Amino acid sequence: MDVESSDPNHEINKDDGAATMSKGLRRALILLNCVFMALGNTGSPLLLRLYYRSGGKRQWLSSWLQTSGSPLILLPLLCFYIRRRQRRSSSVPLFFITPRLGLACAALGVLTGLDDFLYAYGLAFLPVSTSSLLISTQLAFTALFAFLLVRQRFTAYSINAVALLTVGAVMLGLHVSGDRPEGESRGKYFMGFALTLGAAALYGLVLPLVELMYTVARRRGLAVTYTLVLEMQLVMGMFATAFCTVGMIVNHDFQAIPREARNFELGEFKYYVVLVWNAIFWQFFFVGTVGTIFCVNTLLAGILIAVFLPVTEVLAVIFFHEKFSSEKAIALVLSLWGLASYSYGEYRQVKDNKKKANAAIAIEQPT
C-alpha cells in the first residue's frame, strides 16, 4: 500500500488506507508524525508565549498564525501529484477530496479557528507551564467525545485518568496568587484559565470528529490515503485561517503589525522571525496530529499531546524562568499518572480484543 491510491478514480477500494500499508511504510509514517507532534507540541506554545512576553498583544494575529502556514502542505501534495503523473500515463486527478468531504472539513476548520483563538487568548494571561497543564485535560475531553462519537468505550482506567486530570486542573485554579505573570490581574488570570480549558474541550471534540470523518468516508467507498488526509488538513487550515482573518480585519490587526514590530523588545527583524517560525511549528503540530489519527487512532493523538507535557514544562522553566511551584509539580504528577492509567487501559483493551478475535477464528475453523 502506498501513501496514495493506485485507483485513478479513487473510488471503492476497501483494501486501501492505513490498515493495509506495508509495515515499514506505516511505521515510517507513524514515526514522522510523532516527530511532527513533538516539534509542534513543544515549540509552538513557547514561541507564542515569547511573542507575548516581548511586547506582542494581538490575540487574533496569534490565533491566525496557528493555521496560516497551511499552504506549506501544498509542497508534499505537489510531490505526490508529480509522482502519480510519472506512474500513470492516463489522466490523474489533481485532488482526491470530494465536495461533501470538503464541506465537512470546512466546518471543522471553523471550529479549529475558534479553538485557536481561545488558546491564543488564554495563553496571553497564563505562563506556558500552567497553560500546558490545562491543555493536558483535552485527553479527558477526547475520551468523552470519542465515547459519544466513535463509540470508544469508557473503562476503569479512562475514568481514573479523567478524574486525575480534573483534580490537577482544579489544583491549578486554586493556586492563583503565586502563578500569575507579572502585571496580570486576578480576573485576567481566571479568564485565561477558562479560555484555555475551553480550548482543550473544543480540541477534544475536534479530534474524534476527524476520526469520524475518516470512518464515514471509508463507509461511502472513498479510499482514505495519506494524500487525502493532507488535502483534508489543507482545507481545514484554510478555513481556520479565513475565520481568524475576519477577526484580524475587525480588530485592525493588519494595520497594527508594523507598529507592533517596531516596538518589539527583541527587535523588528526578530518580530517577523518569531511570527514565521510560529506558523511553521503549528503546522508541524496539526499535520502530525491528523497523520497520527490516520495511521493509528484519535486516542494515540491525545496521548501524545499529553506525553510532551513535561517537556514543555521543563523548556518553559529553562527559557522563561517560570516558577515551578509545588502545586504545579503535583498537577504534573497527576497528569502523568492519568496518562499512564489511560495508556495502560488502552493497551489492555487492545490485548483483550486480539484474544477475542483469535478465539473467534479458532471456533470458526473446522476440527
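All of these numbers come straight from a predicted model, not from anything done at the bench.

## Digging into the nonpolar core
Thought 1: Ranked by size, the top nonpolar core spans 68 residues in total, and within it Tyr 51, Leu 61, Tyr 214 and Tyr 271 carry the most contacts.
Thought 2: If near-sequence neighbours (up to four positions away) are discounted, Tyr 214 is found in contact with Val 224, Val 229, Met 232, Val 290, Ile 293 and Phe 294.
Thought 3: Judged by nonpolar contacts, the second largest core, of seven residues, contains Ala 143, Ala 306, Leu 339 and Tyr 342.

## A closer look at the packing of helix H2 (residues 59–68) against helix H4 (residues 99–123)
Thought 1: As a packed pair, H2 and H4 sit with axes 8 Å apart at the nearest point and diverge in direction by 130°. Judged on the interaxial angle alone, H4 and H2 are oblique. Crossing hand, H2 versus H4: right-handed. Where H2 abuts H4, its residues Gln 59, Trp 60, Ser 62, Ser 63, Gln 66 and Thr 67 lie against Thr 112, Asp 116, Phe 117, Tyr 119, Ala 120 and Tyr 121.

## A few points about the environment of Ser 158
Thought 1: For Ser 158, the position within the fold is in helix H7 (residues 156–174).
Thought 2: Taking the C-alpha atoms as reference points, Ser 158 and Gly 345, separated by 187 residues in sequence, lie 6.7 Å from one another.

## Notes on H2
Thought 1: Of all 10 residues in H2, nine are buried; the element is thus mostly enclosed.
Thought 2: Those residues of H2 that fall on the buried side of the exposure criterion are Gln 59, Trp 60, Leu 61, Ser 62, Ser 63, Leu 65, Gln 66, Thr 67 and Ser 68.
Thought 3: At its buried positions, H2 is contacted by helix H1 (23–53), H4, helix H9 (226–250), helix H10 (253–262) and helix H11 (268–295).

## Observations concerning the pattern of salt bridges
Thought 1: By the definition in use, this model includes one salt bridge.
Thought 2: Residue Asp 253 pairs with Arg 58 through a salt bridge whose shortest N-O separation is 2.8 Å. Of this pair, Asp 253 sits in helix H10 while Arg 58 sits in the loop between H1 and H2, placing them 195 residues apart in sequence.
Thought 3: Overall, the relative accessible area of 0% leaves Asp 253 in the buried class.
Thought 4: Under the relative-accessibility criterion, Arg 58 is labelled buried at 19%.

## Section: helix H6 (residues 138–149)
Thought 1: With 12 residues, H6 ought to run about 16 Å at 1.5 Å a step, and its terminal C-alpha atoms sit 16 Å apart, in line with that.
Thought 2: Those residues of H6 lying buried are Gln 138, Leu 139, Ala 140, Thr 142, Ala 143 and Ala 146.
Thought 3: Just past H6, the residue Arg 151 takes up positive phi, approximately 55°.

## Re the packing of aromatic side chains
Thought 1: The final tally for this structure, using the stated rule, is 21 aromatic pairs.
Thought 2: Look at Phe 36 and Phe 284: their rings are 5.4 Å apart centre to centre, the planes differ by 15°, and that puts the pair in the stacked class. Pair noted here: Phe 36 is in helix H1 and Phe 284 is in helix H11, with a separation of 248 residues, a long-range link.
Thought 3: Both rings, one in Trp 282 and one in Phe 285, keep their centres 5.9 Å apart while their planes meet at 90°; by these two values the pair is edge-to-face. Placement of the pair is Trp 282 and Phe 285 together in helix H11, with a separation of three residues, close to one helical turn.
Thought 4: One aromatic cluster is present, built from ring pairs that chain together Tyr 51, Tyr 52, Phe 264, Tyr 271 and Tyr 272.

## Overview of unusual backbone geometry
Thought 1: Unlike most non-glycine residues, His 252 shows phi in positive territory, near 60°.
Thought 2: Relative to the assigned elements, His 252 resides in the loop between H9 and H10.
Thought 3: Using a relative accessible area of 48% as the deciding quantity, one classes His 252 as partly exposed.

Analysis parameters
- Residues numbered from 1 in each chain as written.
- Predicted model: local features only at pLDDT ≥ 70, side-chain atom pairs only at ≥ 80, totals over all residues.
- Heavy atoms only, no water.
- Core = buried A, V, L, I, M, F, W, Y, C linked by side-chain atoms within 4.5 Å.
- Buried < 20%, exposed > 50% of the residue type's maximum accessible area, 1.4 Å probe, protein only.
- Contact = heavy atoms within 4.5 Å.
- Axes fitted to C-alpha atoms, helices over the stretch in contact; angles between N-to-C directions.
- Helix = DSSP H or I, 4+ residues; strand = E, 2+ residues; numbered from the N terminus.
- Parallel < 35°, antiparallel > 145°, perpendicular 65-115°, else oblique.
- Left-handed = near helix turned anticlockwise from the far one by under 90°.
- Salt bridge = Lys/Arg side-chain N within 4 Å of Asp/Glu carboxyl O.
- Expected span 1.5 Å × (residues − 1).
- Phe/Tyr/Trp six-rings, centres within 6.5 Å; stacked < 30°, edge-to-face > 60°.

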